[in-house]
Structures are given as structure tokens and as C-alpha cells.
Amino acid sequence: MKLLITGGAGFIGSNFIRLMLKKYPTYKIVNLDKLTYAGNLENLKDIKGQRNYTFVKGDICDLKLAQKLVSGADAVINFAAATHVDRSIQDAGDFIKSNIQGTYTLLEAARKSKIQRFLQISTDEVYGSVEKGRSKENDSLFPNSPYSASKAAADHLVRAYGVTYKLPVMITRSSNNFGPYQYPEKVIPLFITNLLEGKKVPLYGDGLNKRDWLFVLDNCRAIDAVLHKGKTGEIYNIGAGREIPNIDLTKKILKLSAMPESRIQYVPDRPGHDRRYALNVNKLRNLGWRQEFSFSNALKLTIEWYKNNPHWWKRLKKPSS
Ligand code: NAD
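Below is a summary of the structure that appears in this document. Here the residue numbers are simple positions, counted from 1 along each chain's written sequence. Two thresholds apply to this predicted model, a pLDDT of at least 70 for residue-level local features and 80 or more for giving and counting side-chain atom pairs, whereas whole-chain, interface and lining totals are computed over all residues. For side-chain calculations, the full set of non-hydrogen atoms in the structure is used, while hydrogens and water are omitted.

Some details on the sheet that holds strand S4 (residues 75-78)
Two strands make a pair as long as DSSP finds a minimum of two bridges between them. Runs of E in the DSSP output that reach at least two residues are strands. Runs of H or I that reach at least four are helices, and both are numbered from the N terminus. Reading across from one edge, S3-S2-S1-S4-S5-S6-S11 is the order of the seven strands in this open sheet, with parallel pairing throughout. The strands lining the two open edges of the sheet, one partner per strand, are strand S3 (53-57) and strand S11 (235-238). Each strand axis lies, on average, 20 degrees off the axis of its neighbour in the sheet, ignoring direction. Sheet contacts for helix H2 (residues 63-71): strand S1 (2-6), strand S2 (28-33), S3 and S4; angle to S2, the most-contacted strand, approximately 170 degrees. The angle between two axes is taken between their N-to-C directions and runs from 0 to 180 degrees, where each axis is a line fitted to C-alpha atoms and a helix contributes only its stretch in contact. Any two residues whose heavy atoms approach within 4.5 Å at even a single point are treated as in contact.

The structure is reproduced here in C-alpha cells:
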């Protein structure tokens, strides 16, 4: 199979490319990435030069380039996006361009080629805050941030291209990921690296917001399952099925880092901060996927990785964060 992976120099995309090349050594992978502040070729330096891997620097909004690359692929997996909610609140421009216009451009390119799969990588944030129960794939979308609204718009476009043009589309919506190579502005690597730098950890609001934390490799294995066994036109939630309040997450990171709770600094909540996300993942389980990493082991492994790779994260951190 020839895969066009967009946004493969980012956190999840780079972990996914590494997994694919290991599991399917005969596959050919092209990675199209604009290398925004979040894209980093160091994430893939161990596979640089491998014969079945090619990197192309470029924007998914560039139709000519997208057409050229899509026409040579059997499947497109679109990870490329602007992803940090706080940045989307400051300025949504890049989110509208990359997440909506970019997805539209890839869909247009795919419509004119003969691809077998168009897999859109989306997020549980499109469902909005879920007070009770668990979101199912056909629930209505109530995104609350410019980021999640742009991802929801892209999901609608992908689905519509499947219905209107019979494009073989699928969508995955995963919960919050963590693990190696995550940009240190996101909460888990921010807290781990702040502690390594002797700083406090800024916890939003009352710390009772709940997230279903998923280890990145479990998400990548789920995306692999959907790519190979998923049904055209379907949406698949991806989550670990556990709910962890931010305060518990913070205390666990402190404990594993052997740091006191006095390192917590409560800061005003993010505007529009969703209280709870929770996913029903039965559909994914029916594809045979099971989570491999327990939360504790995955968190330990992640802390170790940041401890052992200061050269990777130090230059990415602003002096003020
Ligand atoms: P990331 O910010 O680490 O990486 C995004 C990558 O996309 C970067 O390499 C960046 O350079 C690239 N990119 C951005 N705009 C581009 C453009 N216009 N053209 C080409 N490349 C572009 O993000 P991530 O955390 O790896 O997330 C990957 C995908 O998974 C995103 O679509 C995100 O919405 C989704 N997702 C992430 C999480 C999470 O917890 N990280 C959870 C659910 C879904």
C-alpha cells in the first residue's frame, strides 16, 4: 500500500509513521507536512533515509501539490491540523485555514483520483462537553472552541464528500493523547517539563475537568485497525474508557516525579473550557482493538522519555511557559 500521511512531523503523525513502517515494511509512505512550529523532523530522524519513506515539505491547502501526491497514493490519512485550543482562542485564523480549507483541498484532490481510503483524524472535542453518558459516533456535534469547531466543520465536509461523491471516507475521533514527542505546550508534557525545570505546574480552574487520557501508541494502533478493517463511510471513536479529573492527573505526575503538591499553581480557567469528554468505543472494539498500555505505565514511560530527551523539548519551550 502507498500511504499519503499529512502532518506526519507532528506528535501523533510521527508515532503513527514509525508504527506503520515497523509493522508493514513493504508499505511506501509519503509524509506531507508544512513544518509549522509544531512540526519537527527530529521526531522522525531514526527513519530518515529509509527507502520506503519520503518527506515533502508543503501545505495541505496547496491544491496542485495535494493533487500530485494524492494521485500517487492508495490511502490518505489526514493528521495535519492546527491543534492547540489556547492558540485557537487567541487567533483562529490558522485553524480555519489548515483544518477546514486544508481538509477541503485534500478532499478535492482525492475526488479526482482513485484512492481506496480517505481517513480523517478527528477529536472527541467535536461532541462538546458531555455531562452524562458517553458520546456515540452518530451523536450531534456541539464544539465549543474555535479548534473543535474547525475540526467539526472538517468532519462534516469529509462525511459529505463520502455521501455526495462516494469518496471512500472514514473518520476517527480520539480522546486526549499523551506520550513521547508531544509538543511541550500540551498539558502532560508541559507539567512534566516544568517539574524537570524546577517550576510550578499551572492547573486550570478547580481541576475537576475530566478527560479520557489515551497513550499515543494505543491511538496509532486503533487508527491502523480502522485503516485496515474499518467500514467505508463510518466514524470510529477512539478512547481508553477511563475518566481522569485534571487534579488527579496532576497529582499523579507530581507523585511519579517525586514532587510535592505545593508545586500546583491554580490559574483562571480557559474560556469555554469543556467540563467532560467521554466516548463510547464499542464500535472500535468490534474491530478487535484493545488498549495495550495502562494509564500508570504509559505515564511513567512518558515521564522517562522527557527526562531522557531534554535536547528535544528544551529548545521548544518559551522561557515564560
Ligand atoms: P501536532 O500539533 O503535534 O502536529 C500537527 C502537524 O500538522 C505538525 O507537524 C504541523 O506542522 C502539521 N500541519 C499543520 N498545518 C499544516 C498544513 N496546513 N499543511 C501541512 N501540515 C500542517 O498535532 P497532533 O497532536 O499530532 O494531532 C494530530 C491530529 O490528531 C490533529 O488532526 C488533531 O486534531 C488530532 N487529535 C489530536 C489529539 C491529541 O491529544 N493530540 C486528540 C485527538 C485528535
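So, next bit.
Topic: the side chain of Asp155
In this fold, Asp155 is placed in helix H5 (residues 146-165). Pairs of N or O atoms are called polar contacts if they sit within 3.5 Å, as long as, within protein, a hydrogen donor faces a hydrogen acceptor (for residues adjacent in sequence, only side-chain-to-side-chain pairs). In this structure the side chain of Asp155 is engaged in a polar contact, spanning 2.9 Å, whose partner is the side chain of Ser122. Ignoring sequence-local partners within four residues, the contact set of Asp155 consists of Gln120, Ser122, Val126, Ile171 and Arg173.

Thoughts on the pattern of salt bridges
Criterion for a salt bridge: a side-chain nitrogen of Lys or Arg within 4 Å of a carboxyl oxygen of Asp or Glu. Scanning the model with the defined rule gives 20 salt bridges in all. Linking Arg87 and Glu185 is a salt bridge whose minimum nitrogen-to-oxygen distance equals 2.8 Å. Placement of the pair is Arg87 in helix H3 (residues 85-90) and Glu185 in the loop between strand S7 (177-178) and helix H6 (187-196), with a sequence separation of 98 residues. Each residue's exposure class comes from its accessible area (1.4 Å probe, protein chains only) as a fraction of the maximum for that residue type: buried when under 20%, exposed when over 50%, partly exposed otherwise. The exposure class of Glu185 is buried, given its relative accessible area of 16%. Across the pair Lys97 and Asp94 runs a salt bridge whose closest N-O atoms are separated by 4.0 Å.

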